[in-house]
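Survey of secondary and tertiary structure
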Amino acid sequence: MTPFHLAFPVRDLQETRAFYHDVLGCTPGRSSETWTDFSLFGHQMSAHLRKDMQPAHSAGSVGKDIVPIPHFGVVLMMDDWKALAAKLEAYDGTDWIMKPSLRFEGEAGEQATLFIRDPSGNALEFKGFTSMDQVFAA
């Protein structure tokens, strides 16, 4: 696997570190007074302090669902996705956009999905597949 890198804005680095580490289980990396790195399932994420940031409020549609745009997240194998979904469901502070559900059931690309917001309002999607061959299935 080749990891990707994503830099994104956050309003507070301390709450960002706590959420991504304590809630999502991310491994912390380097940091400074204006940014912090962490590993989100092996991908390099860089949260950059933007105290005046405003969350985006546009949307798109996927199948029958309205989803926030922009958003980012990770594609997981189904067992890992189920474990993350259970962890988020047990956490009282989860800011749900879309609770865990199954999309495209019985079709090519069938996937489990969930959407949450981080403390800065960034939208995250986590997808679960029974086979990575289905990720780009047409």
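Attention in this report is confined to the structure presented alongside it. (Residues numbered from 1 in each chain as written. Predicted model: local features only at pLDDT ≥ 70, side-chain atom pairs only at ≥ 80, totals over all residues. Heavy atoms only, no water.)

**Side note on the sheet that holds strand S8 (residues 95-103)**
Adjacent strands of a sheet form backbone hydrogen bonds with each other and so pair up, either parallel or antiparallel. Strands sit in the order S7-S10-S9-S8 across an open sheet of 4 strands; the sheet is mixed. Of all the strands in the sheet, just strand S7 (72-77) and S8 have a single pairing partner and so form its edges. Taken over all neighbouring pairs, the strand axes of this sheet differ in orientation by 15 degrees on average, direction set aside. Examined bridge by bridge, strand S9 (residues 111-117) and strand S10 (residues 123-129) share 6 bridges and lie antiparallel to one another. Bridge pairing links leucine 114 to phenylalanine 126 in S10. Here helix H2 (residues 78-90) sits on the sheet in contact with S7, S8, S9 and S10, set at roughly 125 degrees to S7. (Pairing = 2+ DSSP bridges. Helix = DSSP H or I, 4+ residues; strand = E, 2+ residues; numbered from the N terminus. Axes fitted to C-alpha atoms, helices over the stretch in contact; angles between N-to-C directions. Contact = heavy atoms within 4.5 Å.)

**Remarks on H2**
Over its 13 residues, H2 extends 18 Å from the first C-alpha to the last, a length consistent with the 18 Å expected when each residue adds 1.5 Å. If you check which residues of H2 are buried, you get Met78, Trp81, Leu84, Ala85 and Leu88. Buried residues along H2 cover an arc of 125 degrees about the axis, so they all sit on one side. The exposed residues of H2 that point more than 90 degrees off its buried face are Asp79 and Ala90. In the core, the buried residues of H2 are packed alongside helix H1 (13-23), S7, S8, S9 and S10. (Expected span 1.5 Å × (residues − 1). Buried < 20%, exposed > 50% of the residue type's maximum accessible area, 1.4 Å probe, protein only. Arc of directions from axis to C-beta.)

**Thoughts on the packing of aromatic side chains**
This structure, assessed with the given rule, holds 6 aromatic pairs. Taking the centre distance of 5.0 Å and the plane angle of 45 degrees together, the rings of phenylalanine 8 and phenylalanine 72 count as tilted. Placement of phenylalanine 8 in strand S1 (residues 5-10) and of phenylalanine 72 in strand S7 is noted, with a sequence separation of 64 residues between them. Accessibility expressed as a relative area gives 14% for phenylalanine 72, which makes it buried. (Phe/Tyr/Trp six-rings, centres within 6.5 Å; stacked < 30°, edge-to-face > 60°.)

**Section: the side chain of glutamine 111**
Among the structural elements, glutamine 111 can be located in strand S9. Of note is the side chain of glutamine 111, whose polar atom sits 3.0 Å from the backbone oxygen of glycine 109. Setting aside residues no more than four positions away along its own chain, glutamine 111 makes contact with Ser101, Leu102, Arg103, Phe104, Glu125, Lys127, Gly128 and Phe129. (Polar contact = N/O pair within 3.5 Å; in protein donor to acceptor, adjacent residues only side chain to side chain.)

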